[in-house]
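# Breakdown of the fold
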Amino acid sequence: MRITAKDIAREAGVSETTVSLVLNGRPARISEKTQKRVLEIAAKHRFTSNQIAVSLATRKTYTLGIILPNLTNPLFPRLAAGVEKYAQKNDYALFLCNCEESASLFLHYLEVLQRRCIDGLIVLLPSEVDERPDQFYQKVHEALSASQVPMVLVERRMKNHPCDFVCIDNRRGGKLATEYLLSMGHTRIGHITGTPFFAERTNGYKDALESRGISVEPRWIAEGDFSIESGFQGARRLLAERVTAIFAGNDEMALGVLKAAAEAGLRIPEDLSLVGFDDNPIAKVMPVPLTTVLQPGETMGEKACEVLLDRLSDPEEKGKPQDFLFEPVLITRRSVCPPPGKNG
């Protein structure tokens, strides 16, 4: 049911004339406390009569923005869903922009959202920022620093940019995945990396090997970019090194590993064990259900929005930016078993 000025007056305990004066920017001798009460009620109910005047008076539009790196990785829509869920619960609307991993498009959307006078912004940086730092890193850093919009970074950190940051503990997750393979008896463990933003997953892989006294062999590490194709090409190289297990930096690359294994006539997990990262929906429906590290996308999105709204609720009490790291959880399925010769 559409709310009217009369409804607002009743809830605020003032006359309809007072409501009209406040919402039209002519508060006359109306006390500041009463003005604030009327404006808050109008904003809460999304009263549309002269919404511009309400926004100007409250300095709030009750809109947020989120810039995603892409929409092909199932994790990012899940993150956005979590942000939207928490925003809606708190009477905020959400503008969503997809920059397709392009730093130039990211900068464009950053400018567009600021012109929309959003109250706050949730940012997932495009991989191009880290892959081509000489060209884009400084530009994006300067644009974020110049922005007056409160923001939270998710998943991908901008070094030297003081900002709240929400992420899974990638290093712990990489170590968890590799430790599980070690516990099953594997010592020749290959790894396919993701983009530079996620080097901590590789560091976790190295930590696990070193903690068992196993040398980290550069030939057992293949570079990837989180695509299925890079997983396929990385696996072909690692299989030539006779690894018995592979930790893929995400589930899409793990799918590429499955393809490479099938091409080589290898069975998962009898001939090659496999662990992914993210626990995207694809992990459950692969030909062999995938053991993977759970990344709770929707919960992380909700947390990012919660942190942002907490900042907005008391802008005078900003405090020091904080990191909010989620503990990774290993989801075991059927893609891992002891290496050949150690079964039974």
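Structural data are supplied above this passage.
Residues numbered from 1 in each chain as written. Predicted model: local features only at pLDDT ≥ 70, side-chain atom pairs only at ≥ 80, totals over all residues. Heavy atoms only, no water.

## Regarding the layout of surface pockets
Here the second largest pocket is characterised by a volume of approximately 300 Å³. Mapped onto the lining of the second largest pocket, the elements with two or more residues apiece are strand 5 (164-168), helix 9 (170-183) and strand 11 (323-326). Per-element tally for the lining of the second largest pocket: the top contributor is strand 5, with three residues. Looking at side-chain class alone, the lining of the second largest pocket contains six nonpolar, one polar and eight charged residues. (1 Å grid on protein atoms, 1.4 Å probe; cavity = no way out; pocket = protein on both sides within 12 Å on 5 of 7 lines; lining within 4 Å. Points joined across faces, edges and corners; volume = space filled by probe spheres on them. Helix = DSSP H or I, 4+ residues; strand = E, 2+ residues; numbered from the N terminus. Nonpolar A, V, L, I, M, F, W, Y, C, P; charged D, E, K, R; others polar.)

## Thoughts on empty space enclosed by the protein
Applying the stated criterion to the full structure yields one cavity of 30 Å³ or more. Looking at the largest cavity, its volume works out to about 50 Å³. Together, Asn 73, Leu 75, Phe 76, Glu 155, Arg 156, Phe 198, Arg 201, Phe 226, Asn 250 and Asp 278 line the largest cavity. For the lining of the largest cavity, the class distribution of residues is four nonpolar, two polar and four charged.

## What to know about the pairing of strand 8 (residues 245-248)
Across a regular strand the side chains alternate sides, sitting on one face of the sheet and then on the other. Alternating positions in strand 8 separate into two faces, Ala 245 and Phe 247 on one and Ile 246 and Ala 248 on the other, with burial throughout. Here strand 6 (residues 189-192) runs beside strand 8; their pairing, made up of four bridges, is parallel. The residue bridging Ile 192 from the neighbouring strand is Ala 248, located in strand 8. For strand 8 and strand 9 (residues 273-278), the ladder comprises three bridges, and the chain directions are parallel. Across the sheet, Phe 247 pairs through a bridge with Val 275, a residue of strand 9. (Buried < 20%, exposed > 50% of the residue type's maximum accessible area, 1.4 Å probe, protein only. Pairing = 2+ DSSP bridges.)

## A closer look at the pairing of strand 2 (residues 93-98)
The pairing of strand 1 (residues 63-68) with strand 2 spans six bridges and is classified as parallel. Looking at the pairing, Thr 63 lines up with Ala 93 of strand 2. Regarding the hand of the β-α-β motif, the stretch spanning strand 1, helix 5 (residues 75-89) and strand 2 is right-handed. (Right-handed = clockwise from strand over helix to strand, strands pointing away.)

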